[in-house]
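The residues making up each chain are set out below.
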Amino acid sequence: MQINFQNIKDKTISIIKNDYFKILAFTFLVGFIFFPLSDSINFYQNDDWVYYKAISQFLTGNYEIPRYIEALFYTQGFLGTVFASIYGLEKLPVLTFVFSILTFLIFQIIVRTFYVKSFHETVIISLFLFVSPLFIYSSLGFMSDIYFLFFLMCGILFYELFNRNPKWYYFLGFNILMVVGFFTRQLSIITGVVFFIVLLIQKKFKWAILQIISNLTLLLSYFYFVPKTSTMESENQLSYFELLKFDTTFSITYAGLIYAVAFIAPLTLLLVKKFLNDSTENKKIRIIYLISILITFICFYFPFNPKIPNNENMFYFKNSLGRTGFFFGNHLGNKYSIYYSDAIYYIFEIICKITLAVFFTSSLFLFKKLFNLYSLFIIFYLGLRVVS
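Reading the values: the criteria
Residues numbered from 1 in each chain as written. Predicted model: local features only at pLDDT ≥ 70, side-chain atom pairs only at ≥ 80, totals over all residues. Heavy atoms only, no water. 1 Å grid on protein atoms, 1.4 Å probe; cavity = no way out; pocket = protein on both sides within 12 Å on 5 of 7 lines; lining within 4 Å. Points joined across faces, edges and corners; volume = space filled by probe spheres on them. Helix = DSSP H or I, 4+ residues; strand = E, 2+ residues; numbered from the N terminus. Nonpolar A, V, L, I, M, F, W, Y, C, P; charged D, E, K, R; others polar. Core = buried A, V, L, I, M, F, W, Y, C linked by side-chain atoms within 4.5 Å. Buried < 20%, exposed > 50% of the residue type's maximum accessible area, 1.4 Å probe, protein only. Contact = heavy atoms within 4.5 Å. Salt bridge = Lys/Arg side-chain N within 4 Å of Asp/Glu carboxyl O. Phe/Tyr/Trp six-rings, centres within 6.5 Å; stacked < 30°, edge-to-face > 60°. Patch = residues over 30% accessible without salt bridge, like charges linked within 9 Å, V, L, I, M, F, W, Y side chains within 5 Å. Areas by Shrake-Rupley, 256 points an atom, 1.4 Å probe, with all protein chains shown as cover. Axes fitted to C-alpha atoms, helices over the stretch in contact; angles between N-to-C directions. Parallel < 35°, antiparallel > 145°, perpendicular 65-115°, else oblique. Left-handed = near helix turned anticlockwise from the far one by under 90°.

Time to look at empty space enclosed by the protein. The full count for this structure, using the stated rule, is one cavity of 30 Å³ or more. The calculated volume of the largest cavity comes to roughly 70 Å³. Every residue along the wall of the largest cavity is listed here: Phe148, Phe151, Leu152, Gly155, Ile156, Phe174, Leu177, Met178, Gly181, Ser188 and Thr191. Those elements that place two or more of their residues in the lining of the largest cavity are helix 8 (145–164) and helix 9 (168–182). If one sorts the elements of the lining of the largest cavity by residue count, helix 8 sits on top with five residues. Each residue belonging to the lining of the largest cavity can be placed in one class, and the counts come to seven nonpolar, four polar and no charged.

This is how it looks when you write it as structure tokens:
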């Protein structure tokens, strides 16, 4: 039997040139470079001490979640328990880092498959996510953010695949990931609610009925069968009258949008590019667009009261980044404060506010094209932040 080396060579070259192989190789390279950082963490991050405590209990056969935990945690707890039983509690930050790299990989696949046509654009957009202070902060330690983001990204991938080709296995995959994500953070139910609304808008009524059944089953199971901590009970109480308070509603919404923009800033560039391409022959529209950005920035900037969410400095909410370092009030001192960190975070805050004005204005000009799972998810998420 004669081996066709030319055929093997051609197939190898074809694989290497494939964008998805490049994405996989690039992700592996990034993971390899930053792995020593996660492996060297030997202290608690922010409030993740309580998650370590939970895993310690799980390892002894006690599966009761500590009362300080607000997230449902069971998915993260199961993963952490299996990992810690092999490598030890002190290596849990490595598990979080692995999931951050997997999240980075899934994000690149989504961007390349559904939004851009080249590997280079994919890398540029995805790197903005990876180097975001919020993403780096969440990747260090054992907090729930990255685990939630991973299952959210996987769910979005199945949503996009279902949108392109509505098959039952994509639908089932989306719902499995919603449930698994829900048992990391209850916030995942929003994806199911939003998916139901999208299906109604698209007049896919059979799928919409199945989705509402899935959503209700999950919610009823949570309220009647899943054991909850006292913190879950108190923190998850909704106060709908808060929606009537303009200062509260606006400030929390604006702070939440700034928080989100810190992650999605590169996507704003895509929106601007799309708008400029759509309005190539209409200079008046472009002028109106630029003026609208300035007006939006002013209208958002002055009514905002950062003390309402919690902190005067970015990112305003408790247990988020502070301008003086990654952790404004973390345990055992502020380990990530650097000499010019206050100035750096002030500049980053201004950039996020400008980016938000651009994003909001672009969304209005491209409203019909952007009324989808992502925009609805942001609306529902912010509404939940306001009333909870």
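Here we come to the nonpolar core. Ranked by size, the top nonpolar core spans 63 residues in total, and within it Phe73 and Phe142 carry the most contacts. Once residues within four sequence positions are removed from consideration, Phe142 is found in contact with Asp48, Tyr51, Tyr52, Ile55, Phe73, Gln76, Gly80, Leu92, Leu95, Thr96 and Tyr147. Listed in part, the eleven residues of the second largest apolar core include Phe250, Tyr254, Leu257 and Phe348.

Moving on: the pattern of salt bridges. Summed over the entire model, instances satisfying the criterion amount to three salt bridges. Arg112 serves as the salt-bridge partner of Asp19, at 2.8 Å between the closest nitrogen and oxygen. Taken together, the positions of Asp19 in helix 2 (residues 19–39) and Arg112 in helix 5 (residues 92–114) put the pair 93 residues apart, joining distant regions of the chain. For Asp19, a relative accessible area of 15% translates into the label buried. A salt bridge links Asp145 to Arg185; the nearest nitrogen and oxygen atoms lie 3.5 Å apart. Placement of the pair is Asp145 in helix 8 and Arg185 in the loop between helix 9 and helix 10 (189–201), with a sequence separation of 40 residues. In this structure Arg185 comes out as partly exposed when scored by relative accessible area, which is 25%.

As a further point, take the packing of aromatic side chains. The description of an aromatic ring pair rests on the distance of the ring centres and on the angle between the ring planes. Following the criterion strictly, the structure yields 27 aromatic pairs and no others. Ring plane angle 50° and centroid distance 5.8 Å describe the contact between Phe130 and Phe135, whose orientation is recorded as tilted. When sorted by exposure, Phe130 lands in the same class as Phe135, which is buried. Seen in terms of ring centroids, Tyr159 and Phe195 are 5.7 Å apart; in terms of plane orientation they differ by 85°. Their pairing is edge-to-face. Of the two residues, Tyr159 sits in helix 8 while Phe195 sits in helix 10, which places them 36 residues apart along the sequence. By the burial criterion, Tyr159 is buried, and Phe195 matches it.

Attention now moves to a nonpolar patch on the surface. A contiguous nonpolar patch, built from Phe28, Leu29, Phe32, Ile33, Phe34 and Leu37 and spanning about 650 Å² of accessible area, is present on the exposed surface. Among the secondary structure elements, Phe34 is positioned in helix 2.

Attention now goes to the packing of helix 5 against helix 8. It is at 8 Å that the axes of helix 5 and helix 8 come closest, and there the two elements cross at 25°. By the angle class used here, helix 5 and helix 8 are roughly parallel. Helix 8 is crossed by helix 5, and the crossing has left-handed handedness.

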